[in-house]
Amino acid sequence: MLKLGIIGTNWITQQFIDAAHESGEWQLTTVYSRHLARAREFATLNHATETFDDLDQFYSQGSFDAVYIASPNSLHFEQAKLALAHEKHVIVEKPAVANQAEFEQLDECLRQHPDCLLFEAARQIHEVNFKRIQAQLAKMPRIQGATLTYMKYSSRYDAVLAGEEPNIFSLKFAGGALQDLGVYLAYDAVGWFGMPDEVAYYPTLIRTKVDGKGVAVLRYPSFTVTLNVGKTSNSFLPSEINGLRDTIVMDNAAELGQVSYHDDQGTVQSIGVKPDKNPMLAEARDFAAVINDPAGHRSEYQSWRQLSRNVNKLLFNLRQSGHIYFNDAERNQPDK
Ligand SMILES: NC(=O)c1ccc[n+]([C@@H]2O[C@H](COP(=O)([O-])OP(=O)(O)OC[C@H]3O[C@@H](n4cnc5c(N)ncnc54)[C@H](OP(=O)(O)O)[C@@H]3O)[C@@H](O)[C@H]2O)c1
């Protein structure tokens, strides 16, 4: 049984712990929170025994094998780096990093700690329906583009409207629609079509100077993919990938609840399965499998790292195109 430590005590951490326990591969042992009382509350609820409010002690004294990091985006890098320095495996929530420079530095840390593994918790790539779409695409004679939408009103936008700056709508915490829901769409695009040749992002900026919503255009050699992302309004549009006369239709490009294939005769067939009740179950199983047998899963792990690298590069390039900068160093950087 692998031992799990956690950073962040919001609902998403609880969902990951539930998935980890359901997988039968993990046991939560160690909780970090900025507030010891909160760490204890979370630990009691989940039968963990170790609690910390000091990050260095958490890493040096905690008995866990891997940390799951679900803190605000801009903190991921330092917390992941520190974990590697203490020889812990890392599962870091999406987006793994705030920019390319951070990704490269984590790669360097991984080279210095070759026994450690680092996973970006991009849950949808581990789910069956994502792979079903990949398999269907391989059978389609021609792809002519895709329109992928993920727009969900965030209750935290109410706080923005009330004059506050919640983390997810803050430049300081590397927030914004693209960095949040846009990560799912970026994983779809890169996972299904590879890296585009050219990209542009047209953000709708909000008072806090991040993108509340936006449209990204990804140019591939023979087609274009459009991403519609937003946290300041709702969209009920399905998403689709256009073949020649055939089409793949998804109820939602991130949740992938229902996926169907409309063939060239107009026949519609479901190509998906009913998703797991806990959408993080598949990734919890996959991460455990790789940690338990790294040699046996080397190529799978490397393909996830490469996908993560490309997705984070795409997000960075899109932000550059939309003139959204998290710090001065990001300004005037050439696209990489
Ligand atoms: N995969 C998914 O489906 C999914 C869904 C939602 C979110 N996420 C990702 O999970 C991460 C966390 O998102 P969230 O919405 O839960 O973020 P959040 O509520 O802003 O913060 C998460 C946790 O970080 C700690 N924290 C909050 N503000 C902090 C600050 N100023 N300094 C240091 N620590 C702070 C808090 O834990 P303590 O108070 O205990 O220290 C909090 O519970 C993000 O990277 C997000 O993209 C993923």
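Residues numbered from 1 in each chain as written. Predicted model: local features only at pLDDT ≥ 70, side-chain atom pairs only at ≥ 80, totals over all residues. Heavy atoms only, no water.

1. Comments concerning the sheet that holds strand 3 (residues 50–52)
Pairing between the strands of a sheet comes from backbone hydrogen bonds, and it takes one of two forms, parallel or antiparallel. What counts is decided by this rule: By this definition, two strands are paired if DSSP reports at least two bridges between them. Helix and strand assignments follow DSSP, with helices taken as H or I runs no shorter than four residues and strands as E runs no shorter than two, numbered in order from the N terminus. Geometry is summarised by axes, namely lines fitted to C-alpha atoms with helices restricted to the contacting stretch, and by angles between N-to-C directions that run from 0 to 180 degrees. Two residues form a contact once any of their heavy atoms are found within 4.5 Å.
Here we have six strands laid out as an open sheet, ordered 3-2-1-4-5-6, and parallel in their pairing. Pairing within the sheet leaves two strands with one partner each, and these edge strands are strand 3 and strand 6 (118–121). Strand-to-strand, the axes of this sheet are offset by a mean angle of 25°, without reference to chain direction. Helix 2 (residues 36–45) rests against strand 1 (2–7), strand 2 (26–32) and strand 3 of the sheet, and its axis sits at about 155° to strand 3.

2. So, the pairing of strand 4 (residues 66–69)
Short version of the rule: We call a residue buried when its accessible area falls under 20% of the maximum for its residue type, exposed when it is over 50%, and partly exposed in between, using a 1.4 Å probe and counting protein chains only. Orient the strands so they point away from the viewer; a crossover is then right-handed if the path from the first strand over the helix to the second runs clockwise.
Burial along strand 4 is two-sided: the residues A66 and Y68 and V67 and I69 are all buried. As paired strands, strand 1 and strand 4 are joined by four bridges and run parallel to one another. The residue of strand 4 that forms the bridge with I7 is I69. The parallel pair strand 4 and strand 5 (residues 89–93) is bridged by helix 4 (residues 76–85), and the resulting crossover is right-handed.

3. Quick word on the pairing of strand 1
By the criterion of burial, strand 1 is predominantly enclosed, with five of the six residues buried. Where strand 1 and strand 2 come together, six bridges link them in parallel fashion. Each residue of the ladder has a partner; that of K3, found in strand 2, is Q27.

4. A short note on unusual backbone geometry
K94 connects to P95 through a cis peptide bond whose omega is -10°. Within the secondary structure, P95 sits in the loop between strand 5 and helix 5 (100–112). One non-glycine residue with positive phi stands out, namely H323, at about 55°. Relative accessible area serves as the criterion here: at 58%, H323 is assigned to the exposed category.

5. Observations concerning the environment of D107
The topology assignment puts D107 in helix 5. For the pair D107 and K131, spaced 24 residues apart in sequence, the C-alpha to C-alpha distance is 26 Å. If sequence neighbours within four positions are ignored, D107 has contacts with R305 and R309.

6. Looking at the site of the ligand
Where we set the bar: Proximity is defined per residue: if any heavy atom of the residue lies within 4 Å of a molecule or strand, that residue is considered near it. Pairs of N or O atoms within 3.5 Å make up the polar contacts considered here, provided that, within protein, one atom can donate a hydrogen while the other can accept it, and that residues adjacent in sequence are counted only when both atoms are side-chain atoms. Using a 1.4 Å probe, accessible areas were evaluated by the Shrake-Rupley method; residue-level cover was limited to the displayed protein chains.
By nearness alone, 21 residues border the ligand, and T9, S33, N73, K94 and Y184 come closest of all. Contact between the ligand and T9: an oxygen atom at 2.5 Å from a side-chain N or O atom of the residue. Between the ligand and R34, the relevant distance is 2.8 Å, taken from an oxygen atom to a side-chain nitrogen or oxygen of the residue. For the ligand, whose accessible area on its own is 890 Å², the fraction buried by protein is 83%.

7. Points about the domain arrangement of the protein chain
As a reminder of what qualifies: Where a domain begins and ends is set by an automatic assignment or by a domain database. The term buried area means the drop in 1.4 Å probe accessible area that two parts suffer when joined, counted for both and summed. Between Lys or Arg on one side and Asp or Glu on the other, a salt bridge is scored when a side-chain nitrogen of the former is within 4 Å of a carboxyl oxygen of the latter.
Domain boundaries assigned for the protein chain yield domain 1 (2–119) and domain 2 (125–280 + 313–330). Using C-alpha coordinates to define each centre, domain 1 is positioned 26 Å away from domain 2. Contacts between the two partners involve 19 residues from domain 1, matched on the other side by 21 residues from domain 2. Both sides together, the interface formed by domain 1 and domain 2 hides about 1,400 Å², and carbon and sulfur atoms give 57% of it. Remark: the boundary between domain 1 and domain 2 carries one salt bridge. One salt bridge connects D180 with K94, and the closest N-O pair in it is separated by 2.9 Å. At the junction of domain 1 with domain 2, the criterion picks out eight residue pairs in polar contact (both at pLDDT 80 or more). For the side of domain 1 that touches domain 2, the leading source of residues is helix 1 (residues 11–23), giving six residues.

8. Remarks on the packing of helix 8 (residues 182–193) against helix 10 (residues 298–321)
Our working rule: An angle below 35 degrees is treated as roughly parallel, one above 145 as roughly antiparallel, one from 65 to 115 as roughly perpendicular, and anything else as oblique. Helix crossings are classified by the rotation of the near helix relative to the far one: an anticlockwise turn of less than a right angle makes the crossing left-handed, while a clockwise turn makes it right-handed. For this classification, Asp, Glu, Lys and Arg are treated as charged, while Ala, Val, Leu, Ile, Met, Phe, Trp, Tyr, Cys and Pro are nonpolar and the rest, including Gly, are polar.
Two numbers describe how helix 8 lies on helix 10: the axes approach to 9 Å, and their chain directions differ by 120°. The orientation of helix 8 relative to helix 10 falls into the category oblique. Between helix 8 and helix 10 lies a crossing of right-handed hand. Here helix 8 contributes G182, V183, A186, Y187, V190 and G191 to the contact with helix 10, which in turn contributes L307, S308, N310, V311, L314 and L315. Of the residues that constitute the contact of helix 8 with helix 10, the class distribution is eight nonpolar, four polar and no charged.

9. Points about the nonpolar core
This is how it is decided: Only buried residues count toward a nonpolar core. Its members are Ala, Val, Leu, Ile, Met, Phe, Trp, Tyr and Cys residues joined through side-chain atoms within 4.5 Å.
Judged by nonpolar contacts, the single largest core of 100 residues is most densely connected at W26, W192, F193, I241 and M250. The element that contributes the greatest number of residues to this core is helix 8, accounting for nine residues. Not counting the four nearest positions on each side in its chain, M250 is found in contact with I133, L148, W192, P238, S239, E240, I241, L256, Q258 and V259. Formed by six residues, the second largest nonpolar core is a distinct cluster that contains Y157, V160, I168 and I206.

10. Quick notes on the pattern of salt bridges
Counted according to the given criterion, the structure contains ten salt bridges. Put simply, D107 and R305 hold a salt bridge, and the shortest N to O gap is 2.9 Å. Placement of D107 in helix 5 and of R305 in helix 10 is noted, with a sequence separation of 198 residues between them. The residues D107 and R305 share a single accessibility class, namely buried. Ionic pairing is found between K152 and E255, a salt bridge with its closest N-O pair at 3.4 Å.

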